[in-house]
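This is what each chain is made of:
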Amino acid sequence: MTDKKDTASQPGSGSAVIPRLSIMMFLQFFTWGAWFATLGLAMSNANLGPFIGPYYATIPLAAIFAPLFLGLVADRLFSSEKVFGVLMLVGGVIMLFMPGVSETASLTANAQTAVQDQALALIVTANPGIEAEAASKMLAEQNSAANSSANLLWWMILAYMLCYMPTLGLGNTIAFTHITSADKFPIIRVWGTIGWIVAGLLIGFTMWDGKFTIFWLGGISSLVLGMYCFALPNTPPPLKGKPMDVRSIFMVDAFKLLGDWNFLVFAVCSTLVCIPLAYYYGSTSQFLGSTGFGAPAATMTLGQMSEILFMLLIPLMFRKLGVKNMILIGIAAWVIRYVLFSYGAPSQVTWMLLLAVVLHGICYDFFFVTGFMYTDQKAPKEIRGQAQSLLVFLTQGIGMYIGYKVMAAGNLFGVVPLGLKIGDYGEQVDKLPEFTNAVKAATEQGEAPTFLDTLLNMFNRTPIPESVDQGLIDTTMGQWQNFWMLPAIFAAAVLILFALLFWDKTVVGGSEDSK
């Protein structure tokens, strides 16, 4: 295998290749941002609300299995850019079939809802002792199981994510192989965040929020990225010819780091805090849409914009605050974000909702970026790759999977119920479909938005039409308030746990001797 120094000196390597790698990173995250942020809104508008949690839960499932694919296949048998290209071409084809399947699933769900209402009335009338809520839940579960198109869509999203998630590691491998210094990687990686922002702004500008058009955009951009990958510099498989290391693939040595008390606390808290994080990714687009933001995808890009800003501040903040305080600030920002969502819901307070979105930069950078750097410093040099894979497995895999299930009041493997509630906190927003239909009916009676209206609605909200029943508004927003308070409480509990139990004095960014 060509070593790093030799590779960097070849044509197509070094600073000359940075623009090509930046385009790769831009397209990679544009493709994901094209559909991920507003998937929940699209499903909610299509009367597929019960499937939002399961659909999002496919992403952490793919994150769990991606390292196995990389370790067994991608890093040993084929050039990284070719594997990247094939995966995105296959994924793109799969996604292009999703709009049609989604439409069929929506039609089936609408027909089931009409029948469900009639059946519910008959059941309640014939059995006065049964609670209407219990009967409604039972019928909804039966209808969900019977909606074959919606269930097919779950498998399609899972298949797409199984293609996509390995490319995150492949993209990094390609980038690090062809740059002369790791210090140049942030210059390339920031274009991924810019790609996500551009995707959100495009969706907002075109008013594709909450429509199945997002799948067309995601599918086409996947195909473009797949074809572009074959124009990237050749990146031989980094582990070609080396013996299979089962310990590395299954992160055996990295798990031993959990024997260190502080790293164990960090790992457990990182996993737990991803449970409330799932609420943000899975429900924010629906929430912003219901409070009057006409372009939730564009509005949510404010979080990525702040992410870039705070990323630049991290080196300075490290010197001032240290690891523990950085992570505490990150978790505290999550608490504040959900409290702002909760208290801003009843009256749809614009500044509170926007500030909650902007806080994403602190939430992500101060916790995750700090966490990856801390992990890199704690792990011995020879197992740092394993340690980073372990952290991704625990956070983006286990933590997020449980989080999406809790968010949607689902269950674990069809056995363990995860409908977590504290009093009314954590209740599901079951009035949202009725509210969405009422707002849609009221909006259709008005004039179509102008070009200026479209621009303004990207970062501002339109008042809920006066013709919508005030009682329905109050009930729906009250449910949103209770919904968001649970992740706030959960994040606060993790904050206290971490503050009390984590006392590591490791200096991030220091020398090997400082460990």
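Residues numbered from 1 in each chain as written. Predicted model: local features only at pLDDT ≥ 70, side-chain atom pairs only at ≥ 80, totals over all residues. Heavy atoms only, no water.

K.L.:
Quick one: what's the story with the overall build of the protein chain, residue by residue and with numbers?
P.N.:
Secondary structure assignment for the protein chain yields 20 helices and 2 strands. Across the 515 residues in the protein chain, those meeting the buried criterion constitute 52%. A separation threshold of at least 6 residues defines the contact pool for the protein chain, and within that pool the share at least 24 residues apart is 85%. Split by element, the accessible area of the protein chain, about 22,300 Å² in all, is 67% carbon and sulfur. (Helix = DSSP H or I, 4+ residues; strand = E, 2+ residues; numbered from the N terminus. Buried < 20%, exposed > 50% of the residue type's maximum accessible area, 1.4 Å probe, protein only. Contact = heavy atoms within 4.5 Å. Areas by Shrake-Rupley, 256 points an atom, 1.4 Å probe, with all protein chains shown as cover.)

K.L.:
Break down the packing of helix α5 (residues 80-96) against helix α10 (residues 213-229) for me, with residues and values.
P.N.:
The description of two helices packed together rests on the angle between their axes and the distance between the axes. Two elements in contact, α5 and α10, have axes separated by 7 Å at closest approach and are oriented at 160 degrees. If you check the angle between α5 and α10, you find them roughly antiparallel. The chirality of how α5 crosses α10 is left-handed. For the pair α5 and α10, the contacting residues are E81, F84, G85, M88, L89, G92, V93, M95 and L96 in the first and F215, W216, G218, G219, I220, S222, L223, L225, G226, M227 and C229 in the second. Residues belonging to the contact of α5 with α10 are distributed by class as follows: 13 nonpolar, 6 polar and 1 charged. (Axes fitted to C-alpha atoms, helices over the stretch in contact; angles between N-to-C directions. Parallel < 35°, antiparallel > 145°, perpendicular 65-115°, else oblique. Left-handed = near helix turned anticlockwise from the far one by under 90°. Nonpolar A, V, L, I, M, F, W, Y, C, P; charged D, E, K, R; others polar.)

K.L.:
Give a description of helix α13 (residues 261-290) that names residues and reports values.
P.N.:
With 30 residues, α13 extends 44 Å between its outermost C-alpha atoms, agreeing within 8% with the 44 Å of an ideal straight helix rising 1.5 Å per residue. Helix geometry: α13 is bent most strongly at S283, by close to 55 degrees. Most of α13 is tucked away, with 25 of its 30 residues classed as buried. The opening residue of α13, the one whose side-chain oxygen lies 3.0 Å from the backbone nitrogen of N262, is D260. Taken from the residues just after α13, G292 is the one with a positive phi, measuring 115 degrees. (Expected span 1.5 Å × (residues − 1). Bend = angle between axes of the 7 residues up to and from the residue. Polar contact = N/O pair within 3.5 Å; in protein donor to acceptor, adjacent residues only side chain to side chain.)

K.L.:
Tell me what's going on with the pattern of salt bridges, and back it up with residues and numbers.
P.N.:
Pairing is possible between side chains of opposite charge, provided their charged atoms come close. Summed over all chains, the structure comprises 5 salt bridges. The salt bridge involving K431 is made with E434; its shortest N-O contact spans 3.3 Å. Given a relative accessible area of 43%, E434 falls into the partly exposed group. Connected through salt bridges with shared partners, the residues D260, K378 and D504 form a single ionic network. (Salt bridge = Lys/Arg side-chain N within 4 Å of Asp/Glu carboxyl O.)

K.L.:
I'd love a proper account of unusual backbone geometry, names of residues and values included.
P.N.:
The residue M207 is not glycine, and still its phi comes out positive at about 60 degrees. Along the chain, M207 falls in the loop between α9 (185-206) and α10. Within the chain, Q348 stands out as a residue other than glycine whose phi angle is a positive 50 degrees. For Q348, the location among the structural elements is in the loop between α14 (296-344) and α15 (350-358). With a relative accessible area of 11%, Q348 lands in the buried category.

These values are about where atoms sit, not about what they do.
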